[in-house]
Structure formats: C-alpha cells, structure tokens
Amino acid sequence: TEPRRRRRGVTLMVGRVESIAAAICLTVFAGGLIAMSCTLSSNEASQNGLKVTRSFPSGHHHADAASPKDGDPDHSHGGAKELVVASMNIAACQPSQSAPPGWNESNSTAALRGILLGLDADVIALQECPGGARWARDHFPGYNVLGATYSHADQVILLVRDGLKSSPALSGERAVTGLPAVIAELELGSRNSLLVASVHLEPFERGDRKRQSQMRSLLDIADSKSSPILILGDTNMRDTEDEAMEDELGLQDIWKLAGQRDESRFTWDTMDHRNEIEGVFNRYYGSGTRQYQRRYDRMYFHGANKAKMEGTPTFELIANHPMTSKLDFLSDHFGMTSRCSLSFSSE
C-alpha cells in the first residue's frame, strides 16, 4: 500500500528512530498486560457461588471468578476441591497478519503470557507452542512444566501451579501412547487424585474417527489408574461429534454444564462482525482469512465413578478481544477458562 512505500523511502537514521520508538511503545503495552489491575463487580449470587465479572484494559475478558488463592490456599470448599483451569491454542505466538508493523513474536508472547498469568489458574494447557519445556519455564514463572510433546502443529504443553502436588502421569506420553497429549496427575487431598490432559487432537473434518480413538485412549489411561480425568485443549471437534463424546464415551462438556451460553460458544470465530455494535473481525490471516465459526476447543470431564462436578462450573473465553485494531487478535483461536468444583466418592 502507499503508506508502506513511503516508509521504505525514509532514511536509515529515521527508520532506526522509528523502530526504537515503536519497540518502546510495544514493550510498555505488552508489559501493561502482565501488570494489569482488575475491577471486580457483581450483581448476582446463587447457591452455586458468586458470579463475578472482571474488566481489564484493552478489552480483554478474563475468568468470571475471584482468585482461587484468596483466603483458600488448598482450594477446598465444604469437602469439594476447586480448580481454575485454562487452555489456549496460541498459534506459535506468531503475530496476526493484521498486526501493526513492528509487532513481532516477542510482543505476542508477552501479551499472551500476561493474559494467561493474569488468570491465576491452577492448570494451564497450551497447544501450538513455539518451544518445549524450557520455553515454558522461561515464560511461565510460578508453574511446573509437567511435559511437552509434539502434535501435528508445534508442541503441546501442560503447566501446573507451584504448590499444587502433581506429577507426570506417564513418561514420554506420545512415545508411549501415540497421543498428542501431555497428562499429569494432581493430588487433591490425601486420598484423591485427578488426571489432567492438555491435547491437540487430529485435525480436519475427516479426522473424526481418529479423534474418537484418541479420546478413548485417554479414558483408557484414566481407567488404568482408576482416576477421573479433565481433558483440555484444541480437540478440532465439530458439533456432529458431540453424541459420540457424550453418549458413547460418557464425557461431560463443561461449556454445556456451564449453561452453553452463545457468547462463549465459538473458540474459532473469523466472521466479520464489524457491522454490529462494537463489532470486530479476527482477520488473523489477513485478506485470505476464511470466515466461519467453530467450537474446536473444549473442556471435557469424566468422573469414572470416582468424582463428580459440584454446582455449576463457569466457562469463559479469553483473548477474544482485539489488540491494536478491530482486526488484530493474538491467535486464530480464542482461549477458554473455567472454575469448577469436584467432590470425590471417597469423601
């Protein structure tokens, strides 16, 4: 475009000054996401707990629940064990093709890191990570890296908050199971444990049978340990697969348990909404962005007759608001977060 040709025509010295200034601005902006403060408001309470909305700068919507650490370090409520979990396909931290000139992978990484750390989650599941365990340790202080493995696109990683007893459920998950998943075992009390998996399942519509097989394998692992399991990640599933997941495999869809609200339905939404009030358009792939909506990313729970959900879990999207313009998002996927309470039969 014409503005870009003019920028290429300026002198080298001016270009350097502009680059330095842009870098300073972007660093301050990304740093602000990490150090953001939140305003809590609430107008609704029920027996299931207080529903809280957090508002953040730059329009980022975070978990609709207060910090799990506030006054409750062991996450116990009347015998139930409470967890805050999050998951996101971070698209290798590659900038959107609608991002401004000068915005690079480091800026995207800092912004995503700020959003995810701001959730104060117990468990963070990541897909399409640009690095492995060392990358995760460098960027997510306060978390233990329970493993990293390759999927069809970059790496899958699972993080568990420091202080929460956890261990890898298997050694070298993909080598042992053939699964694009990292699985950890959490100790939630003296006699209770929960498996948590970060997954990036088979892609494309034709991969439905493979995805079902992958989910069966995860349940087989949980069954071998007589443990309930929470599965988080980019499942690449279509709505036509719901029946197989829920009726045949007995999985509970946390988005549905939370009330299946339309505003948190689609974790992939590249439709042009700019004709709506305050509408946006996740034009992550620039002019070549294909417009459609899917619920690719999911959270599933299987109690294995050992545990059950108590009350109503929450389910919210994260990183689902634009950054520097109405077209600029941090990933082609939106992330998701949930606060849920589990009770165990042994209790």
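Calculation notes
The numbers attached to residues start from 1 for each chain and follow its sequence in the written order. Since the coordinates come from a predicted model, pLDDT governs what is reported: local features require at least 70, and pairs of side-chain atoms require 80 or more to be given and counted, while whole-chain, interface and lining totals use all residues. Remark: hydrogens and water are excluded; side-chain values derive from all non-hydrogen atoms of the structure. Secondary structure is summarised from DSSP: a helix means a run of H or I of at least four residues, a strand means a run of E of at least two, and numbering begins at the N terminus for each. Three labels apply to residues, based on accessible area from a 1.4 Å probe with only protein chains included: buried if under 20% of the type maximum, exposed if over 50%, partly exposed otherwise in between. Contacts between residues were defined by any pair of non-hydrogen atoms, one from each residue, lying within 4.5 Å. With a 1 Å grid laid over protein atoms only, a set of points is called a cavity when a 1.4 Å probe fits there but cannot get out and a pocket when it is open yet has protein on both sides within 12 Å along at least five of seven lines; lining residues have an atom within 4 Å of a point. Grid points are joined across faces, edges and corners, and a volume is the space filled by probe spheres set on the points. Under the scheme applied here, ten amino acids are nonpolar (Ala, Val, Leu, Ile, Met, Phe, Trp, Tyr, Cys and Pro), four are charged (Asp, Glu, Lys and Arg), and all others, including Gly, are polar. If DSSP finds at least two bridges between two strands, the strands pair. What we call a nonpolar core is a set of buried Ala, Val, Leu, Ile, Met, Phe, Trp, Tyr and Cys residues that are connected through their side-chain atoms within 4.5 Å.

This part takes up the overall build of the chain. From N to C terminus, the chain includes 8 helices and 18 strands. Looking at the 347 residues of the chain, the share that counts as buried comes to 51%. At a minimum sequence separation of 6, the contacts of the chain that also span at least 24 residues come to 69%.

This part covers empty space enclosed by the protein. The rolling of a water-molecule-sized probe over the atoms marks out the regions of remaining empty space. Per the stated rule, a full pass over the model turns up 2 cavities of 30 Å³ or more. Lining the second largest cavity, in full, are Ile90, Cys93, Thr109, Leu112, Arg113, Leu116, Trp135, His139 and Phe140. Elements with a contribution of two residues or more to the lining of the second largest cavity: helix 3 (105-118) and helix 4 (133-139). By residue number, the principal contributor to the lining of the second largest cavity is helix 3, which donates 4 residues. In terms of residue class, the lining of the second largest cavity is made up of 6 nonpolar, 2 polar and 1 charged.

Below, the discussion takes up the sheet that holds strand 10 (residues 193-200). In a beta sheet, neighbouring strands pair by backbone hydrogen bonds and run either parallel or antiparallel. Within the open sheet, the 6 strands sit side by side as 8-9-10-11-15-12. Their pairing is mixed. Strand pairing shows two members of the sheet lacking a second neighbour, strand 8 (166-168) and strand 12 (252-253), which therefore form its edges. The sheet contact formed by strand 10 and strand 11 (residues 229-234) spans 6 bridges and is parallel. Bridge pairing in strand 11 places leucine 195 opposite isoleucine 229.

With that out of the way, let us pick up unusual backbone geometry. Unusually for a residue other than glycine, alanine 91 sits at a positive phi of about 50 degrees. Turning to its location among the elements, alanine 91 is positioned in the loop between strand 4 (80-89) and helix 3. For aspartate 154, which is not glycine, the phi torsion reads 60 degrees and is therefore positive. Note that aspartate 154 resides in the loop between strand 6 (143-150) and strand 7 (155-161).

Before going further, it helps to examine the nonpolar core. In this structure, Val123, Leu158, Leu186, Val196, Leu232 and Phe315 are the most contacted members of the largest nonpolar core, which totals 33 residues. Element by element, the count of residues in this core is highest for strand 18 (residues 335-344), at 4 residues. Non-local contacts of valine 123, meaning those with residues more than four positions away in its chain, are made with Val84, Val85, Ala86, Leu158, Leu159, Val160, Leu186, Val196 and Leu232. Counting 26 residues, the second-largest nonpolar core is a separate cluster that includes Ala111, Ile115, Leu119 and Cys129.

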